[in-house]
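Structural characterization, general
Residue-level listing of the chains:
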Amino acid sequence: MELIHTIAELQALLAQARKENKTTGFVPTMGALHAGHLALVEQCVAENDVSVVSIFVNPTQFNDKNDLLKYPRTLEADCRLLETVQTDFVFSPSVEEIYPEPDVRQFGFGTLETVMEGRFRPGHFNGVAQVVSRLFDIVKPDRAYFGEKDFQQLAIIRALVKQLNLTVEIISHPIVREPDGLAMSSRNTRLLPAQRKNAVAISQTLFESRHRKNQLSVAELKQEVIDKLNQVPELKVEYFDLVDSDTLQSVQNWTDSAHIVGCIAVFAGEVRLIDNIAYLPMVKFHLNKRNRHNRL
Ligand code: PAF
């Protein structure tokens with residue numbers, strides 16, 4: 001495994017691989033790696049000849065400067081972990097390397113970016129689009145891997161790839177959870193012991209809510225989840241919405257979409273956590289010839 005800090009060095013190595021007709025897989029990260037990232041890297045290594053993992057805490061996607069300052073930076077430990085999963089190249093550039101000039105590009109993702117994270121973190125997805133497009137331009141991957149925990153980010157990146165006519169294939173990986181169910185996140189390390197203990201209620205409440213689907217309306221279920229979590233010490237729900245998995249627009253009724261996802265952001269003390277869960281489609285009872293016959 002090689003640790004690389006400059007674009008020129010990385011591109012020289014990747015050009016060589018491309019000459020040999022090797023495929024390149026890419027996992028962009030902000031470091032502070034955990035098993036969720038490693039699952040992405042393992043899939044990337046398995047599916048490509050050459051694997052690149054970037055570690056770059058992107059300043060343009062933080063709308064809260066305090067969050068940027070407190071974001072964990074653990075390059076040495078990250079490299080040790082990446083070595084265990086046979087990563088080829090770790091790209092850890094400086095801010096000046098990625099942004100020699102301030103990036104003033106403005107992307108537009110319409111209604112995909114005005115809801116949920118986009119509503120509460122203005123400018124966040126523009127920053128994500130800036131850095132991901134820049135990294136894609138540098139690495140020119142055949143495939144890039146993203147976790148489904150950042151459900152809205154995944155939709156934005158797919159839209160970005162379409163807008164820029166890129167050929168990179170975007171591959172998503174299911175959420176990786178701690179044994180008690182908490183979605184893995186680099187931010188979990190910032191939770192105080194009591195907050196960590198209470199944060200388990202987020203995934204638990206989401207999973208329980210699946211069983212309430214047949215008993216409650218969409219509005220009632222939303223309110224129940226919010227009320228339950230707000231009763232847990234130190235937790236404060238920022239939003240919980242049930243949306244169509246493609247358009248990310250809120251649904252009002254269970255029949256509004258075949259693929260409904262519940263997306264949530266919760267503060268545990270100062271630490272903002274996100275999670276999501278799919279509500280399985282209503283089982284439609286199709287009468288085939290035989291049971292139609294039986295009913296007659
Ligand atoms: O999901 C992340 O860690 C970041 O948003 C990403 C995609 C690496 C861009 O900085």
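A brief report on the enclosed structure follows. (Residues numbered from 1 in each chain as written. Predicted model: local features only at pLDDT ≥ 70, side-chain atom pairs only at ≥ 80, totals over all residues. Heavy atoms only, no water.)

1. Details of the overall build of the protein
What the protein contains, in helices and strands, is 11 helices and nine strands. Taking 296 residues into account, the globule formula puts the C-alpha radius of gyration at 19 Å, and the protein, at 21 Å, falls close to it. With respect to the three principal axes, the spread of C-alpha positions in the protein is 70 × 50 × 40 Å. Taken across its 296 residues, the protein has 51% of its residues classed as buried. Within the protein, contacts between residues separated by at least 24 positions form 72% of all contacts whose residues are at least 6 apart in sequence. As presented, the protein carries roughly 15,000 Å² of accessible surface, and 53% of it is formed by carbon and sulfur atoms. Distance from the positive charge centre (33 side chains) to the negative charge centre (37 side chains) of the protein: 8 Å. (Helix = DSSP H or I, 4+ residues; strand = E, 2+ residues; numbered from the N terminus. Rg over C-alpha atoms; globule rule 2.2 N^0.38 Å. Buried < 20%, exposed > 50% of the residue type's maximum accessible area, 1.4 Å probe, protein only. Contact = heavy atoms within 4.5 Å. Areas by Shrake-Rupley, 256 points an atom, 1.4 Å probe, with all protein chains shown as cover. Lys, Arg positive; Asp, Glu negative; His and termini not counted. Charge placed at Lys NZ, Arg CZ, Asp CG, Glu CD.)

2. Digging into the sheet that holds strand 7 (residues 235–244)
Spatially, three strands are ordered 7-8-9 in an open sheet, and the strand pairing comes out antiparallel. Two strands bound the open sheet, and with one partner strand each, they are strand 7 and strand 9 (271–279). Direction aside, neighbouring strands of the sheet carry axes that sit 15° apart on average. Where strand 7 and strand 8 (residues 260–268) come together, nine bridges link them in antiparallel fashion. The residue bridging Phe-240 from the neighbouring strand is Ile-264, located in strand 8. (Pairing = 2+ DSSP bridges. Axes fitted to C-alpha atoms, helices over the stretch in contact; angles between N-to-C directions.)

3. Quick word on the pairing of strand 5 (residues 143–147)
Both strand 2 (residues 24–29) and strand 5 contribute to a ladder of two bridges, which runs parallel. Considered in strand 5, the bridge of Gly-25 is made with Arg-143. Handedness of the strand 5-helix 8 (residues 151–163)-strand 6 (residues 169–173) crossover: right-handed. (Right-handed = clockwise from strand over helix to strand, strands pointing away.)

4. A look at the packing of aromatic side chains
Enumeration according to the criterion identifies seven aromatic pairs in this entry. Between the aromatic rings of Phe-56 and Tyr-99, the centroid separation amounts to 6.2 Å while the plane-to-plane angle is 55°, which identifies the pairing as tilted. Of the two residues, Phe-56 sits in the loop between strand 3 (50–55) and helix 3 (65–70) while Tyr-99 sits in the loop between helix 5 (95–98) and helix 6 (116–120), which places them 43 residues apart along the sequence. (Phe/Tyr/Trp six-rings, centres within 6.5 Å; stacked < 30°, edge-to-face > 60°.)

5. Notes on unusual backbone geometry
One non-glycine residue with positive phi stands out, namely Met-116, at about 45°. On the secondary structure map, Met-116 appears in helix 6.

6. Notes on the side chain of Asn-188
One can find Asn-188 in the loop between strand 6 and helix 9 (193–212). According to the relative accessible area criterion, Asn-188 is buried, its value standing at 10%. Excluding residues within four positions of it along the chain, Asn-188 makes contact with Glu-178, Leu-182, Ala-183 and Leu-273.

7. A short note on helix 9
An α-helix turns once per 3.6 residues; consequently, residues spaced three or four apart project the same way. For helix 9, spanning 20 residues, the distance from its first C-alpha to its last is 30 Å, which sits close to the expected 28 Å at 1.5 Å a residue. Looking at helix 9, one finds that the buried residues are Gln-195, Asn-198, Ala-199, Val-200, Ala-201, Ile-202, Ser-203, Thr-205, Leu-206 and Ser-209. For helix 9, the secondary structure elements touched by its buried residues are helix 10 (218–230), strand 7, strand 8 and strand 9. (Expected span 1.5 Å × (residues − 1).)

8. A closer look at the site of the ligand
Around the ligand, a shell composed of Pro-28, Thr-29, Met-30, Gln-61, Val-131, Phe-146 and Gln-153 is seen. Separating an oxygen atom of the ligand from a side-chain N or O atom of Gln-61 is a distance of 2.6 Å. With respect to the ligand, the side chain of Gln-153 contributes an N or O atom lying 2.7 Å from an oxygen atom. Contact with the protein chains covers 89% of the free accessible surface of the ligand, which is 290 Å². A molecule is said to occupy a pocket when more than half its atoms come within 2 Å of that pocket's grid points, and by this definition the ligand occupies the largest cavity. Of the residues contributing to the shell around the ligand, the split by class is four nonpolar, three polar and no charged. (Near = heavy atom within 4 Å. Polar contact = N/O pair within 3.5 Å; in protein donor to acceptor, adjacent residues only side chain to side chain. 1 Å grid on protein atoms, 1.4 Å probe; cavity = no way out; pocket = protein on both sides within 12 Å on 5 of 7 lines; lining within 4 Å. Sits in = over half its atoms within 2 Å of the grid points. Nonpolar A, V, L, I, M, F, W, Y, C, P; charged D, E, K, R; others polar.)

9. Points about the state of the cysteines
Scanning the model with the defined rule gives zero disulfides in all. Its sulfur unpaired, Cys-44 is 15 Å from the next cysteine sulfur, which belongs to Cys-79. Accessibility expressed as a relative area gives 1% for Cys-44, which makes it buried. (Disulfide = S-S within 2.5 Å.)

10. Things to note about empty space enclosed by the protein
Across all of its chains, the model carries two cavities of 30 Å³ or more by this definition. If you go around the largest cavity, you meet 47 residues; those closest to its centre are Met-30, His-37, Lys-149, Asp-150 and Gln-153. Among the elements of the structure, strand 2, helix 2 (35–47), helix 6, helix 7 (124–139), strand 5, helix 8, strand 8 and strand 9 are those that each provide at least two residues to the lining of the largest cavity. For the lining of the largest cavity, the element with the most residues is helix 7, which contributes six residues. (Points joined across faces, edges and corners; volume = space filled by probe spheres on them.)

11. Things to note about the pairing of strand 8
Taking burial as the measure, the nine residues of strand 8 include eight buried ones, the bulk of the element. Counted along the chain from strand 8 to the antiparallel partner strand 9, the turn is two residues long, and its residue Gly-269 has a positive phi close to 60°.

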